[in-house]
Amino acid sequence: MAVKIELGRRYRFAASHRLHTKKLSEEENTRIFGKCANPYGHGHNYVLEISVSGDIDPATGMIANLADLDSFVEHEVIEVFDCRSLNEDVAAFRQTVPTTENLCIEIFERLKSFPKAKLERVRVQETANNSFEYAGK
Amino acid sequence: MILITRKIEFSASHLYHNPALSPEENRRVFGKCNNPHGHGHNYTLEVTVAGEPDPVTGMVLDLKELKDILEREVMQRMDHRFLNYEVAELKGQIPTCENIARVIWELLEPKITQGKLHRVRLYESADLFADCYRNGAC
């Protein structure tokens, strides 16, 4: 095929986090993470954008059926992160700082086994002004 | 290399139906999109062209010319149309976002002579879009 087609889909979830690591002193945490190190945490409305690629099935006109993609993302990401504290409720962030960089990597790892198409990249928008992308190693 | 993007919006109707499948299979695969009378979207198209700025004009391409190409190739063909029945390039295909983006790429690619077409991104809604690239370009 002369062209490559990707399907992009956007999802939303809301979660709280605190940027803090026990590997640093309280002063260093405050210096590096600023307000994000506030002990009680804070939250964001995250927007997740994912892109998958593959051949268009001539019978359906689709790279992947959206119902399959949506239920996979719902199960692997939304149910895990939505209305949760990333630090307290998600095992991956017990030892790792839940920055949006690390969140991108965690989401990519969770979604890369989608069986119907190839995951190309994930983009997570933390606010309208900050977004992060990861396309695997 | 500079990437320059122009955005246009058009509204069109479509339905998803494959005559090779039974009515039950059509409903199972395509869900509400199989409604026989169709439904519509406000599509947003972003067309990105790559190139080097001309040393005299400072431009990769004449945006007016790109605007005219988009008007001729996309707006006149697809705006306020029923994509299944009125767009010859989509005949026999399911007019998904993926297929429409590919058809738009094929229409635009030979017409863009200043710079090279880099990406066609077609939004069917704020949460669903398809990207089309030259194979091997990304």
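Let me begin by describing the structure that accompanies this report. (Residues numbered from 1 in each chain as written. Chains lettered and ligands numbered in written order. Predicted model: local features only at pLDDT ≥ 70, side-chain atom pairs only at ≥ 80, totals over all residues. Heavy atoms only, no water.)

## Describing the overall build of chain A
Piece 1. The number of helices and strands found in chain A is four helices and five strands.
Piece 2. Its helices and strands taken in sequence order, chain A reads β-α-β-α-β-α-α-β-β from the N to the C terminus.
Piece 3. Projected onto the principal axes, the alpha-carbon positions of chain A cover approximately 60 × 30 × 25 Å.
Piece 4. In chain A, which comprises 137 residues, the share counted as buried stands at 48%.
Piece 5. Accessible surface, chain A: about 7300 Å² in total, of which carbon and sulfur atoms supply 49%.
Piece 6. Considering chain A, the positive charge centre built from 18 side chains and the negative charge centre built from 21 side chains are found 3 Å apart. (Helix = DSSP H or I, 4+ residues; strand = E, 2+ residues; numbered from the N terminus. Buried < 20%, exposed > 50% of the residue type's maximum accessible area, 1.4 Å probe, protein only. Areas by Shrake-Rupley, 256 points an atom, 1.4 Å probe, with all protein chains shown as cover. Lys, Arg positive; Asp, Glu negative; His and termini not counted. Charge placed at Lys NZ, Arg CZ, Asp CG, Glu CD.)

## Considering helix α1 (residues 23-30) of chain B
Residues and elements named next belong to chain B.
Piece 1. Restricting attention to buried positions, one finds in α1 the residues Asn 26, Val 29 and Phe 30. Down the axis, α1 shows its buried residues gathered within 75° of arc, on one side only. Residues Glu 24, Arg 27 and Arg 28 are exposed on α1 and point more than 90 degrees away from its buried face.
Piece 2. Downstream of α1 by one or two residues, Gly 31 has phi in the positive range, about 60°. (Arc of directions from axis to C-beta.)

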